[in-house]
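# An overview of the molecular structure
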Amino acid sequence: MLTVDALHTRESREFFEYWQSLPKEGGLVPDRRHFDPLAIRRLMPMMVMVEYDRIETATFRYAGSRLTEILGFDPTKKKYLDLLEQDAMESFLAASGPMITLPCGGVFSITLRTATGYTKKCEALDLPLYNEKAGTWIVLALISIRETVDMHGGNEFRIAEIGEGNWIDIGAGVPAS
């Protein structure tokens, strides 16, 4: 099982500890109603909340203010798949499925081409919530920028790559690969 010490950024460790502190009400995953953005308000500018009816219909429900600057727009109510490069599609599906079916969490390296022309390597810490009221899953993700690696000359945001990662066992196990 991944421990908080294995996370690369202070922000990821703080988010992981907060998520672990949420009530699970006899299950493995906290309900959406227990998530309090004010409790981690310092992290919220770099967070996204993606809601899943099905993986193919993953929809942004929240994007933090710093992320909207990086994206160049607010993705709220937009489909996640619309922001992916085709090369990143398979990785997204492989990462998202287990989080809402097992459930489990994950920490992944991602490469972003920002709207401001930079290419950034980031750590994405993804943890599940259940929205009992709507009967849907939510993945709450904190994006921590690790380094700026290049300039790409464009002005359109894209998720260029979802790289290697580690699953987080929250009690139901983790995928085999």
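Residues numbered from 1 in each chain as written. Predicted model: local features only at pLDDT ≥ 70, side-chain atom pairs only at ≥ 80, totals over all residues. Heavy atoms only, no water.

## Brief notes about the overall build of the protein
Secondary structure assignment for the protein yields three helices and six strands. When the elements of the protein are put in sequence order from the N terminus, they spell out α-β-β-α-α-β-β-β-β. The C-alpha radius of gyration of the protein comes to 15 Å, within 12% of the 16 Å expected for a compact globule of 177 residues. Summarising its shape, the C-alpha atoms of the protein cover approximately 50 × 35 × 35 Å along the three principal directions. Across the 177 residues of the protein, 49% fall into the buried class. Counting contacts in the protein only where the partners sit at least 6 residues apart, residues at least 24 apart contribute 60% of the total. For the protein, the exposed area adds up to about 8800 Å²; of that, 48% sits on carbon and sulfur atoms. (Helix = DSSP H or I, 4+ residues; strand = E, 2+ residues; numbered from the N terminus. Rg over C-alpha atoms; globule rule 2.2 N^0.38 Å. Buried < 20%, exposed > 50% of the residue type's maximum accessible area, 1.4 Å probe, protein only. Contact = heavy atoms within 4.5 Å. Areas by Shrake-Rupley, 256 points an atom, 1.4 Å probe, with all protein chains shown as cover.)

## A short note on the pattern of salt bridges
On inspection of all chains with the given rule, the structure shows six salt bridges. Note that Glu11 is salt-bridged to Arg10, the shortest N-O span being 3.4 Å. Assessed through its relative accessible area of 25%, Glu11 is described here as partly exposed. The exposure class of Arg10 is partly exposed, given its relative accessible area of 48%. As a salt-bridge pair, Lys121 and Glu161 come within 3.8 Å of each other at their nearest N and O atoms. Highlighted residues: Lys121 in strand β4 (residues 118–131) and Glu161 in strand β6 (residues 158–168), separated in sequence by 40 residues. Overall, the relative accessible area of 40% leaves Glu161 in the partly exposed class. (Salt bridge = Lys/Arg side-chain N within 4 Å of Asp/Glu carboxyl O.)

## Section: the packing of aromatic side chains
Enumeration according to the criterion identifies four aromatic pairs in this entry. Ring geometry for Phe108 and Trp167: centres 5.5 Å apart, planes at 85 degrees, overall edge-to-face. On the criterion of sequence distance, the pair formed by Phe108 in strand β3 (residues 105–113) and Trp167 in strand β6 is long-range, its members being 59 residues apart. With respect to class, Phe108 is no different from Trp167; both count as buried. Judged by centre distance (5.0 Å) and plane angle (70 degrees), the ring pair of Tyr130 and Trp137 falls under edge-to-face. We classify Tyr130 as partly exposed; its relative accessible area is 28%. For Trp137, a relative accessible area of 21% puts it in the partly exposed group. Note that Lys24 overlies the ring of Trp19, its terminal NZ or CZ placed 4.7 Å from the centroid. Taking NZ or CZ as reference, Lys120 lies 5.3 Å from the ring centre of Tyr118, over its face. (Phe/Tyr/Trp six-rings, centres within 6.5 Å; stacked < 30°, edge-to-face > 60°. Lys NZ or Arg CZ within 6 Å of the ring centre and 35° of its normal.)

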